[in-house]
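One letter stands for each residue in the lines below.
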Amino acid sequence: MGRIGVDQPGRRMLLSGNEAIARGALEAGVQVCSGYPGNPASEVVEALLEVSRDFDLYVEWSTNEMVALEVAGAAAATGLRSLTAMKNLGVDVCSDFLMTVNLSGTKGGFVLVTGDDPAAHSTTTELDTRNYARMADVPLLEPSTPQEAKEMTKWAFELSEELGLICMVRSVTRLSHSRGVVELGVLSRERRKPEFTAPPPWTSGSSTFACMFHDMLHQKMKTASEKFETSPFNKYEGPEHPNLLLITSGPSYTYSAEAVELLGLQDSVGILKLGTTWPLPEELLFKHLRLAQEVLFVEEIDPFLEQNVKMLAAEFASRGLKPPKFYGKKSGHLPAVGELNTELVLRALSGLTGVSYSPRPSEYASRAEELVGGYVPGRSMAFCPGCPHRASFWVMKRALKWEGREAVVTGDIGCYSMGLLPTGFSVEQTLHCMGAGIGTACGFGKLERFGFDKPVVSVSGDSTFYHACIPALINAKWNSSNLLHVVLDNSTTGMTGHQPHPGSGITASGEPSPPIRVEELCKGIGVEVKVCDPFEVDEATKTFYEMLKERGPRVLVFRHPCPLTESEKKKRKPRVYVDQEKCIGEECGCMAFCSRVLGCPANIWDYSKGKAKIDEVLCTGCGLCAKLCPAGAIVVEEEK
């Protein structure tokens, strides 16, 4: 059984924020969970998958976040408690359903967990999903610690059922992936029987019905606001009349508390920590704003609290509130982008209170980097050893050079996002959101009538193809857009931890499921499609080059399994080594192509001999470097 399923109420365990969210769902009696892989939220679904058999849960990886929210919404409509988890950009994808299911309501507890990513560690934007809670008018909870993540998730189900409304729980990268001590509660063994009856229909309605549901939504949010006034997830720490009031939420609360303590400001600075951040607890805020002369907002990513509290302060003026001085992202006391930390809050507090703060001298960081850096090899972002994407991008670079018209290559989201970087030979030129590669290619592919004379190539992975590329491919066929779409098929969702997808042949729970092949879908749409192995470099280059010269929408699938998943199946791998008698080192006209340009971490340089070398621990035995070595010095010794 997975660690979150331990049935020992009162036991204290070290759990990550994501594990704590999953544990909270178990204690609430969740029965259905869905999601689409995406950092930092993937582990919520994976933790529930680990206990799905023991707790009779239905857990699935859906084809995209929209479907995931709809799957969970349907279960909730029958009275079951259900949860869906996704990264911040996933909320963009599911927002259509979110903006209607908020009106139609829910019968069972329905919770949407979002993982925001301040500093964009593993995503393309710093999208703040709190804005969706406000836009959709749904309750929002923001935990600060793993313990709160468990408690808030559990309560979110209860609140959702009481209001008949979906609730959001927002985590961020540092909370989702950090660990903390969590006291376990009682696991729910309740198993409800789904019931769906109509009428009344489950709908957001239209015309007067939509307005009626909209009014009901406002009433639900008013009830939520009243409940939030006394919520134990909101608390104040500090003097009765603080000189400076910090208003904060999420992990920023822990940074604030530490900073106040380090500066010894407990007698003059107060902290109002909000766990229920939409709708805001207005009376609680009025109580503390009227006692403060200055306010500093400490939050990640957007100035969400800052803007909304300022608006409330303007309303409170009619009740005699003299607005305090506000500081935060807009005033520049805290950065408008990126993650916060204790150091940043210390600087802001020091500037506002005049209490001196001496950060460690810059020489400290330089010395630490000098001492530790020697143990870490310098390395840029790169594909894994043996990754077939490296071969695919080499094939494309080679054929595009042959073609010679400086093709437009649009990229997409996944491991192959690195096609923008030297590891992908900088073949790609664009990167936005899932499905945007082929979608923008549809546009580029229709510009010939205006004199645009460049081949158009779009690139996506297999999981992204199922997620968001199919409508754009249909659009390309329908409107005769001139593009070549390349699918890098490694039979898994590689970037987020090797979750299965519709082409993998298994479901999230490991049950066999007939694989849905990319080429079969393309044939069904009526688009020309070919499949080849990118490690067969010459054949793949020829195929890509020939398809590049054709017209109309067409698809080329570069298919080869991810070596990380294959290594688990293989007992032995081919041995690859450099015959240093043949390697002519720095005298080779290739300018150390294998270790400098190819970018495989297993291709290294033997400085003592001035020749190439293979790191046999990292090498997966794919043999790509052997096929490209101009001196024929790299040897692949097949397993016996």
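Given the structure is predicted, the values throughout are model-derived calculations rather than measurements.

Draft legend 1. Up close: the packing of helix α14 (residues 388–403) against helix α18 (residues 537–549). Two elements in contact, α14 and α18, have axes separated by 9 Å at closest approach and are oriented at 50°. Relative to α18, the element α14 is oriented oblique. Crossing geometry of α14 relative to α18 is assigned as right-handed. Along its contact with α14, which presents W394, V395, M396, R398, A399, L400, W402 and E403, the element α18 presents V537, D538, A540, T541, F544, Y545 and L548. In the contact of α14 with α18, the residues fall into eleven nonpolar, one polar and three charged.

Draft legend 2. Structural detail: the sheet that holds strand β4 (residues 82–87). The strand order across the open sheet formed by seven strands is β3-β2-β4-β5-β7-β6-β12, and the pairing between neighbours is mixed. The two strands at the open ends of the sheet, each matched to only one other strand, are β3 (58–61) and β12 (276–278). Relative to β3, strand β2 (residues 32–35) is paired through four bridges, and the arrangement is parallel. Within β3, the position partnered with C33 by the bridge is V59.

Draft legend 3. Focus on the side chain of T464. Along the chain, T464 falls in helix α16 (residues 462–478). When sequence neighbours within four positions are dropped, the list of residues in contact with T464 reads Y36, D412, I413, Y416, M434, G435 and C469.

Draft legend 4. Focus on helix α1 (residues 17–28). Over its twelve residues, α1 extends 17 Å from the first C-alpha to the last, a length consistent with the 16 Å expected when each residue adds 1.5 Å. Buried residues dominate α1, accounting for twelve of its twelve residues. Along α1, the residues that are buried comprise G17, N18, E19, A20, I21, A22, R23, G24, A25, L26, E27 and A28. Phi for G29, located one or two positions after α1, is positive at around 90°.

Draft legend 5. Fine view of the state of the cysteines. The full count for this structure, using the stated rule, is zero disulfides. C469 provides the cysteine sulfur closest to C522, a residue in no disulfide bond, and the two sulfurs are 10 Å apart. The thiol sulfur of C619 is not disulfide-bonded, and the nearest other cysteine sulfur, from C625, lies at 6.3 Å.

Draft legend 6. Fine view of the environment of F544. Looking at the element boundaries, F544 is found in helix α18. F544 sits in the buried class, given a relative accessible area of 0%. Along the sequence, F544 and L484 sit 60 residues apart, while their C-alpha atoms lie 9.0 Å from each other. In this structure, F544 is in contact with V395, M396, A399, L400, V457, L484, V486, L556 and F558, ignoring residues within four places of it in sequence.

Draft legend 7. Region of the structure containing the pattern of salt bridges. Evaluated as defined, the whole model comprises 33 salt bridges. One salt bridge connects R347 with E343, and the closest N-O pair in it is separated by 3.4 Å. One end of the pair is R347 and the other is E343, both in helix α12 (residues 342–353) and four residues apart, which spans about a single turn. Overall, E343 belongs to the partly exposed group, its relative accessible area being 29%. One salt-bridge network, held together by shared partners, links D116, D128, R130, E142, R170 and E299.

Draft legend 8. How the structure looks around a nonpolar patch on the surface. A contiguous nonpolar surface patch, about 460 Å² in accessible area, is contributed by L371, V372, Y375 and V376. Positionally, L371 belongs in helix α13 (residues 362–373).

Draft legend 9. Local environment of the nonpolar core. One finds L48, L83, I166 and I247 to be the most contacted residues of the largest nonpolar core, which totals 88 residues. Top contributing element to this core by residue count: helix α6 (residues 146–163), with seven residues. Leave out the neighbours within four places in its chain, and I247 touches L272, L274, L285, L289, V295, L296, F297, V298, L305 and V309.

Each value, and the rule that gives it
- Residues numbered from 1 in each chain as written.
- Predicted model: local features only at pLDDT ≥ 70, side-chain atom pairs only at ≥ 80, totals over all residues.
- Heavy atoms only, no water.
- Axes fitted to C-alpha atoms, helices over the stretch in contact; angles between N-to-C directions.
- Helix = DSSP H or I, 4+ residues; strand = E, 2+ residues; numbered from the N terminus.
- Parallel < 35°, antiparallel > 145°, perpendicular 65-115°, else oblique.
- Left-handed = near helix turned anticlockwise from the far one by under 90°.
- Contact = heavy atoms within 4.5 Å.
- Nonpolar A, V, L, I, M, F, W, Y, C, P; charged D, E, K, R; others polar.
- Pairing = 2+ DSSP bridges.
- Expected span 1.5 Å × (residues − 1).
- Buried < 20%, exposed > 50% of the residue type's maximum accessible area, 1.4 Å probe, protein only.
- Disulfide = S-S within 2.5 Å.
- Salt bridge = Lys/Arg side-chain N within 4 Å of Asp/Glu carboxyl O.
- Patch = residues over 30% accessible without salt bridge, like charges linked within 9 Å, V, L, I, M, F, W, Y side chains within 5 Å.
- Areas by Shrake-Rupley, 256 points an atom, 1.4 Å probe, with all protein chains shown as cover.
- Core = buried A, V, L, I, M, F, W, Y, C linked by side-chain atoms within 4.5 Å.

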